[in-house]
Amino acid sequence: MIIDTHCHLQHTMKKGAKLNDILEHAKKAGVIAIIDSPVFANDYSNAIRIHRSHPQLVFVTAGLSPANYHELDIDYALERIRFFAENGEIVGIGEVGLDYYWVKDQKTRLKQHETFARFVALANELRLPLVIHSRDAEAEALPILAKRNEGVEVVMHSFGGTVETALQCIDSGYYISIPCLLYTSDAADEEDSV
């Protein structure tokens, strides 16, 4: 039995895949649960609709792509996440974090820190786990979590940091997921077009 702890159904369907085909293929492969992680607020409602249609199979976390924080309405996303959480329709907050791979400007990176801290505060308030995607910024996410996290569970999703940073995560009680794709320059470009 397999649980897919992090997928992007919305993105896959936007590329033309049919939901029933995805779910049927997953079941045939032994998947018993899927956690859909929409990263844009305008996809949350559709993710929740899918969860409502498949409540024993599809679960939802809600967050925003850290690389796009500066382009998005953070207040609106936080409001929607709170609404769905209070209705018991999401199981975590994420993916959220920092992105230094795509975002090079220091001012924008500092703004990411502020936004990430707001998501951590919301997770504390709602007592929901955090799913962190901090590409090329795993070590930079840890001080924010150390200062702001009030004991909610943390998954360092798609971890690509150093052994030392991984050990710090483990010492903090965080879970680490290792990406299954090989990072060649072509693979990285393809993965980031998601």
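Residues numbered from 1 in each chain as written. Predicted model: local features only at pLDDT ≥ 70, side-chain atom pairs only at ≥ 80, totals over all residues. Heavy atoms only, no water.

(A) Local environment of the side chain of Asn-124. By the secondary structure assignment, Asn-124 is in helix H5 (residues 106-126). When its relative accessible area of 7% is taken as the criterion, Asn-124 is described as buried. Within the structure, Asn-124 has its side chain in polar contact with the backbone oxygen of Arg-148 (distance 2.7 Å). Excluding anything up to four places from it in sequence, Asn-124 contacts Arg-148, Asn-149, Glu-150, Gly-151 and Val-152. (Helix = DSSP H or I, 4+ residues; strand = E, 2+ residues; numbered from the N terminus. Buried < 20%, exposed > 50% of the residue type's maximum accessible area, 1.4 Å probe, protein only. Polar contact = N/O pair within 3.5 Å; in protein donor to acceptor, adjacent residues only side chain to side chain. Contact = heavy atoms within 4.5 Å.)

(B) Representation of the sheet that holds strand S6 (residues 154-156) within the structure. As summarised here, the arrangement of the seven strands in space is S1-S2-S3-S4-S5-S6-S7, forming an open sheet in which the pairing is parallel. Unpaired on one side and paired on the other, strand S1 (2-7) and strand S7 (175-176) mark the two borders of the sheet. Pairing of S1 with strand S2 (residues 31-36) involves four bridges; the strand directions are parallel. Counterpart to Ile-2 in the pairing with S2 is Val-31. Running over the sheet, helix H3 (residues 44-53) touches S2 and strand S3 (58-62) and is turned about 155 degrees from S3. (Pairing = 2+ DSSP bridges. Axes fitted to C-alpha atoms, helices over the stretch in contact; angles between N-to-C directions.)

(C) Structural context of the nonpolar core. Among the nonpolar cores identified, the biggest contains 41 residues, and Ile-90, Ile-93, Phe-116, Leu-130, Ile-132, Leu-145 and Met-156 are the most heavily contacted of them. Not counting residues within four places of it along the chain, the set of residues in contact with Ile-93 comprises Thr-61, Ala-62, Ile-81, Phe-119, Leu-122, Ala-123, Leu-126, Leu-128, Pro-129, Leu-130 and Val-131. In this structure, Leu-23, Ala-26, Val-31 and Ile-34 belong to the second largest nonpolar core, which totals twelve residues. (Core = buried A, V, L, I, M, F, W, Y, C linked by side-chain atoms within 4.5 Å.)

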